Amino acid sequence: MPKLCVRKKKFLETVRIYPRPPARAKHFAKPNLPLTLCRQSGLLRHSMNNRHDKILFWGCFIAIITTSYAFISRIILCTGTQFGTDFGLDKVSVGELVGAGIWPFGVSIIIFSLFIDRIGYKVAMLFSFVSYLIYTTLVFAAYNAVHGLSGDALIAGQKHGYQLLYWGSIILGLGNGSVEAYANPIVATMFNTDKTKWLNRLHAGWPGGLVLGGLCTIALAANPDWRIVIGLILVPAITFFLILISRKFPRSEREQAGISYLTMLKELGAFGALVGFGLVFAQLFQVLVPAQWNWPQWAFWIPTAIVVLIFAAITKSIGRLLLAFIIIIMMPQAITELGTNGWITSLMEDPMKAAGYNPAWVLVYTSVIMLVLRFFAGPLIHKFSPPGLLVTCSALAALGILALSQTAHAGTGTIFAAATLFGVGITFFWPTILGLTSEQCPRGGALTLNTMGGIGMLAVGILGSPFLGYMQESSTTQQLHLTNPALYEQIMVKKDYLLGAYVAIDPIKSAAITDTQAQADLQAATTAGKFSALGKMAIFPIFTFVCYIALILYFKTKGGYKPVQLATTKTE
């Protein structure tokens with residue numbers, strides 16, 4: 001064989017056996033790198049083409065759909081006429097029933113995150129599935145407790161049925177929280193080279209469940225048997241159970257890297273414990289401590305201080321400063337997404353009814369936008385980075401809120417256009433900040449990732465919703481004081497809440513007004529106050545906008561945004 005051919009053959013064999021080092025080094029940080037090459041580097045990475053991982057992902061995705069559908073279907077039944085009519089509930093009882101399914105959601109996310117690595121993700125999955133079974137059983141029993149009865153028997157049945165609904169809602173909330181507690185770290189572990197993209201895809205299941213809930217509400221609007229709506233929860237619940245029960249769940253990214261439990265606690269630190277458990281105890285005191293005990297509002301700080309001191313003594317750490325900064329951002333961001341979003345949806349209901357459409361179409365419309373955008377978030381995340389995407393979303397959300405605040409007398413098309421701008425803005429908030437947390441604080445494992453979600457959920461209920469109500473009441477009373485001072489003095493009442501005192505409209509006194517002009521002035525003040533307060537809520541996304549700008553500048557000093565990768569202690 002000619003010498004030239006021999007040399008060429010040896011050269012090709014060399015290239016095939018030893019790929020070009022510069023190319024490998026250049027692409028080493030890219031997220032789609034195969035697992036085998038990453039093992040050689042000592043970094044913990046997974047291939048995103050693994051069939052087992054994809055099946056596990058879709059099981060978690062359907063579990064999130066179950067959570068969302070169960071959440072929204074219960075809210076619709078509570079705030080509509082079904083539960084109120086069948087069980088004879090007033091607005092206070094309806095509010096208590098709504099809250100019974102929300103506060104356990106946030107509490108269980110945080111509590112589960114402390115020991116989910118010890119009990120395993122499959123145990124948490126089984127707990128969630130059993131919770132859905134118990135919830136549907138109790139609600140079906142509540143239906144049977146009131147139907148076919150009359151007189152004193154009906155009154156007794158309504159009381160019994162309400163208790164079944166109440167405790168069923170608490171169990172449902174705990175089950176919903178456990179889904180978040182295992183689904184987030186599973187996806188972050190399996191796809192740990194592209195966490196934010198896959199967490200966005202995972203949380204596309206939330207608007208997916210809202211779409212199903214809205215469509216079922218529309219389809220079954222004329223059917224008085226609401227057991228059908230509840231029973232449909234079991235369809236996705238049984239589906240995710242059958243998919244996941246035979247799957248092998250991965251050990252957490254933290255465990256695979258040999259990061260100790262104590263190190264995970266140190267990552268959260270005393271500051272994270274202060275915020276997380278402060279919100280937990282604040283919520284528990286609100287719902288479990290009877291009003292007749294007359295405990296001061298600051299009493300929840302006592303158990304919070306005890307837990308924080310224990311946490312500080314064990315960890316001897318205040319926590320990652322970067323994580324503390326993200327926790328601060330999470331609270332106003334969650335209020336913008338969950339608190340303000342619910343308010344905006346209610347504003348759009350009246351124009352929809354006037355146009356002859358079911359208000360549930362608003363929910364379907366906004367949820368479809370969120371579903372599609374989250375599922376195809378990957379290119380945006382890779383182009384802008386998580387902080388860059390979040391700063392853009394904050395700007396859009398602020399502009400959307402300001403635009404909506406000017407639509408008090410606008411048409412349906414204008415309201416939908418402004419709502420679309422806001423909806424696009426909040427689409428990536430929740431999963432992207434979870435991805436940012438997991439990518440920058442992987443040593444915190446499930447604890448930091450899930451605590452972030454729990455803090456967001458609890459902040460909406462404890463801080464966000466009361467503050468939104470305070471803003472609306474304050475704006476309404478200020479407007480009424482300007483237009484009709486005499487009426488203001490007649491129906492105003494002073495109240496207190498967690499963040500201080502305020503002046504509100506007394507619902508009993510306002511209902512007793514018979515003068516036509518006074519009623520018109522009150523209605524005008526209420527409408528103006530509602531939209532004025534909405535405009536003021538833009539301060540939250542403006543605040544997060546400034547914070548994300550600061551984060552971008554911080555990462556620039558570090559050479560740009562780079563996810564933190566953990567080294568594996570052994571080849572799996």
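Further up the page is the structure itself.
Below or above, wherever it landed, is the structure these notes cover. (Residues numbered from 1 in each chain as written. Predicted model: local features only at pLDDT ≥ 70, side-chain atom pairs only at ≥ 80, totals over all residues. Heavy atoms only, no water.)

With respect to the secondary-structure elements, lysine 195 resides in helix 10 (residues 195-202). Look past the residues within four positions of lysine 195 in its chain and what remains in contact with it is Ala188, Glu253, Ser438, Glu439 and Pro442. (Helix = DSSP H or I, 4+ residues; strand = E, 2+ residues; numbered from the N terminus. Contact = heavy atoms within 4.5 Å.)

Here we come to the environment of methionine 452. Looking at the element boundaries, methionine 452 is found in helix 23 (residues 445-483). Of the residues examined, methionine 452 reaches a relative accessible area of 1% and is grouped as buried. The sequence separation of methionine 452 and threonine 437 amounts to 15 residues, and the corresponding C-alpha distance is 7.9 Å. (Buried < 20%, exposed > 50% of the residue type's maximum accessible area, 1.4 Å probe, protein only.)

Below, the discussion takes up the packing of helix 8 (residues 121-146) against helix 9 (residues 151-190). Interaxial distance between helix 8 and helix 9 falls to 8 Å at its minimum, and their mutual angle equals 160 degrees. Accordingly, the angle class assigned to the pair helix 8 and helix 9 is roughly antiparallel. As helix 8 runs across helix 9, the sense of the crossing is left-handed. (Axes fitted to C-alpha atoms, helices over the stretch in contact; angles between N-to-C directions. Parallel < 35°, antiparallel > 145°, perpendicular 65-115°, else oblique. Left-handed = near helix turned anticlockwise from the far one by under 90°.)

Right, let's talk about the environment of glycine 173 for a bit. One can find glycine 173 in helix 9. Given a relative accessible area of 0%, glycine 173 falls into the buried group. Note: C-alpha distance between glycine 173 and isoleucine 109 (64 residues apart in sequence) is 9.8 Å. In contact with glycine 173, not counting residues within four places along its chain, are Gly101, Pro104, Phe105 and Ser108.

Let us now look at the side chain of serine 178. Along the chain, the position of serine 178 falls in helix 9. Relative accessible area serves as the criterion here: at 0%, serine 178 is assigned to the buried category. A distance of 2.6 Å separates the side chain of serine 178 from the backbone oxygen of glycine 175, its partner in a polar contact. Excluding anything up to four places from it in sequence, serine 178 contacts Ser108, Phe112, Ala124, Phe127 and Ser128. (Polar contact = N/O pair within 3.5 Å; in protein donor to acceptor, adjacent residues only side chain to side chain.)

The subject of this paragraph is a nonpolar patch on the surface. A contiguous nonpolar surface patch, about 790 Å² in accessible area, is contributed by Leu262, Leu274, Trp298, Trp301, Ile302, Ile306, Ile310 and Ile314. Secondary structure elements with two or more residues in the nonpolar patch: helix 15 (261-288) and helix 16 (301-315). Of all the elements, helix 16 adds the most residues to the nonpolar patch, at 5 residues. Its place among the elements puts leucine 262 in helix 15. (Patch = residues over 30% accessible without salt bridge, like charges linked within 9 Å, V, L, I, M, F, W, Y side chains within 5 Å. Areas by Shrake-Rupley, 256 points an atom, 1.4 Å probe, with all protein chains shown as cover. Salt bridge = Lys/Arg side-chain N within 4 Å of Asp/Glu carboxyl O.)

This paragraph deals with the pattern of salt bridges. Enumeration over the complete set of coordinates arrives at 5 salt bridges. The residue aspartate 117 makes a salt bridge to arginine 254 at a minimum N-O spacing of 2.9 Å. Of the two residues, aspartate 117 is situated in helix 7 (residues 103-119) and arginine 254 in helix 14 (residues 253-256); the sequence distance between them amounts to 137 residues. Taken individually, aspartate 117 and arginine 254 each receive the classification buried, so the pair is uniform in this respect. Residue glutamate 267 pairs with arginine 320 through a salt bridge whose shortest N-O separation is 2.9 Å. Residue glutamate 267 is located in helix 15, and its partner arginine 320 is located in the loop between helix 16 and helix 17 (321-347); the two are separated by 53 residues in the primary sequence. In this structure glutamate 267 comes out as buried when scored by relative accessible area, which is 6%. On the basis of relative accessibility, which here comes to 30%, the residue arginine 320 falls in the partly exposed class.

Let us look at the packing of aromatic side chains. In this structure the tally under the stated criterion is 31 aromatic pairs. A centroid spacing of 6.4 Å and a plane angle of 85 degrees characterise the contact between phenylalanine 129 and phenylalanine 240, whose relative ring orientation is edge-to-face. Taken together, the positions of phenylalanine 129 in helix 8 and phenylalanine 240 in helix 13 (residues 234-244) put the pair 111 residues apart, joining distant regions of the chain. We note that phenylalanine 129, like phenylalanine 240, is buried. (Phe/Tyr/Trp six-rings, centres within 6.5 Å; stacked < 30°, edge-to-face > 60°.)

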